[in-house]
Amino acid sequence: TDIRILPPVAEMNGLFYFKEIHYWIKNKKYISRKTFGEPCVIEEEIEVAKQLNDPDIQAMLDDYKIFSRKETHLMPILHLNCEFSKGELVSQSVIGGQVKIFQCDPQTIIKQITKIATSRHYQNGTEDGMFDMKEGYNLTLSKTGEKLETKYMVQPFKNPSEVDSKYKTINVVEFCRKSLKPDSVLRSAIREMLYGEEITTSREETAKTSPKTDTKKAAKNEPVKEEPKKLTLQQKLDARKKLNGKK
């Protein structure tokens, strides 16, 4: 696979990637506010839950099938179709005709690209170095083996090449921020897993999933049955303290 990493935006602080931290909770992905250096309510709930010393809760947190913390690296790239003649690049085109966001999980790829980008052989005197639109370098990504034997290789092209300036880089930080869900949704997701509490959705999701009002029952002024409220974790902790105090 041949790619060209585009110049980073200012919010990426000079790095060619933006690290996204997220959780998988029951097969759903939730981006953590830790991604932006902010407190994460999911982490807060986990720390409080661990204080209960409940083996069932700990078992859930250890079960990667329903809960896991992951990191991925987002990069704006061009996926290229390159043609060579006698080892020299003769033409290149952008597959799909647009900039894409490359989500790179393997840390080995990031380390290899960093090593290449900082090598004196690929310094060109431009502000963006090997990611420069005119004097930057393409990269070839390859993979061998499977599962635990998987190995990734990154090989730079030997000569720089120019890419069309019409391809504007994507602000991956802004892209990630827009995918962030409200704290109420994040907290609800982890609490539903841990304690079985009813899950809260965002406004858009609520609008799609809210049940319709039964107008016939409303017309008859029939009382609405309220579901019993579940205790919050803090209430459970307080109850335990009172119980221990009586013993």
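Treat the numbers as computed from the prediction; the structure is a model and nothing was measured.

**Some words on the overall build of the protein**
From N to C terminus, the protein includes 8 helices and 8 strands. Here the protein holds 247 residues, and the buried ones make up 35% of them. Taking all contacts inside the protein whose residues are at least 6 apart in sequence as the whole, residues at least 24 apart take part in 67%. In the structure as shown, the protein presents an accessible area of about 16,600 Å², 50% of it carried by carbon and sulfur atoms.

**Digging into the side chain of Ser 161**
Summarising the element assignment, Ser 161 is placed in the loop between strand E8 (151–156) and helix H4 (172–178). Of the polar contacts made by the side chain of Ser 161, one reaches the side chain of Asn 138; its length is 3.4 Å.

**So, the confidence of the model for the protein**
Here the protein averages 84 in pLDDT, and 81% of its residues register 70 or above. Here residues 204–230 is a poorly scored stretch, pLDDT under 50, and it has 7 contacts once near neighbours within four places are set aside; other chains count.

**Points about the packing of aromatic side chains**
This structure, assessed with the given rule, holds 6 aromatic pairs. Centroid distance Phe 16 to Tyr 17: 5.0 Å. Interplanar angle 80 degrees. Geometry classified as edge-to-face. Like Phe 16, the residue Tyr 17 is buried in the burial classification. Ring centres 5.0 Å apart and planes at 90 degrees place the aromatic pair Tyr 122 and Tyr 137 in the edge-to-face group. Remark: Tyr 137 occurs in the loop between helix H3 (107–117) and strand E7 (139–144) and Tyr 122 occurs in the loop between H3 and E7; sequence separation between them is 15 residues.

**Some words on the side chain of Thr 35**
For Thr 35, the position within the fold is in the loop between strand E3 (28–31) and helix H1 (41–50). There is a polar contact of 2.9 Å between the side chain of Thr 35 and the backbone oxygen of Ser 32. Excluding residues within four positions of it along the chain, Thr 35 makes contact with Phe 18, Lys 19, Glu 20, Ile 21 and Cys 176.

Reading the values: rules and limits
Residues numbered from 1 in each chain as written. Predicted model: local features only at pLDDT ≥ 70, side-chain atom pairs only at ≥ 80, totals over all residues. Heavy atoms only, no water. Helix = DSSP H or I, 4+ residues; strand = E, 2+ residues; numbered from the N terminus. Buried < 20%, exposed > 50% of the residue type's maximum accessible area, 1.4 Å probe, protein only. Contact = heavy atoms within 4.5 Å. Areas by Shrake-Rupley, 256 points an atom, 1.4 Å probe, with all protein chains shown as cover. Polar contact = N/O pair within 3.5 Å; in protein donor to acceptor, adjacent residues only side chain to side chain. pLDDT = per-residue confidence, 0-100. Phe/Tyr/Trp six-rings, centres within 6.5 Å; stacked < 30°, edge-to-face > 60°.

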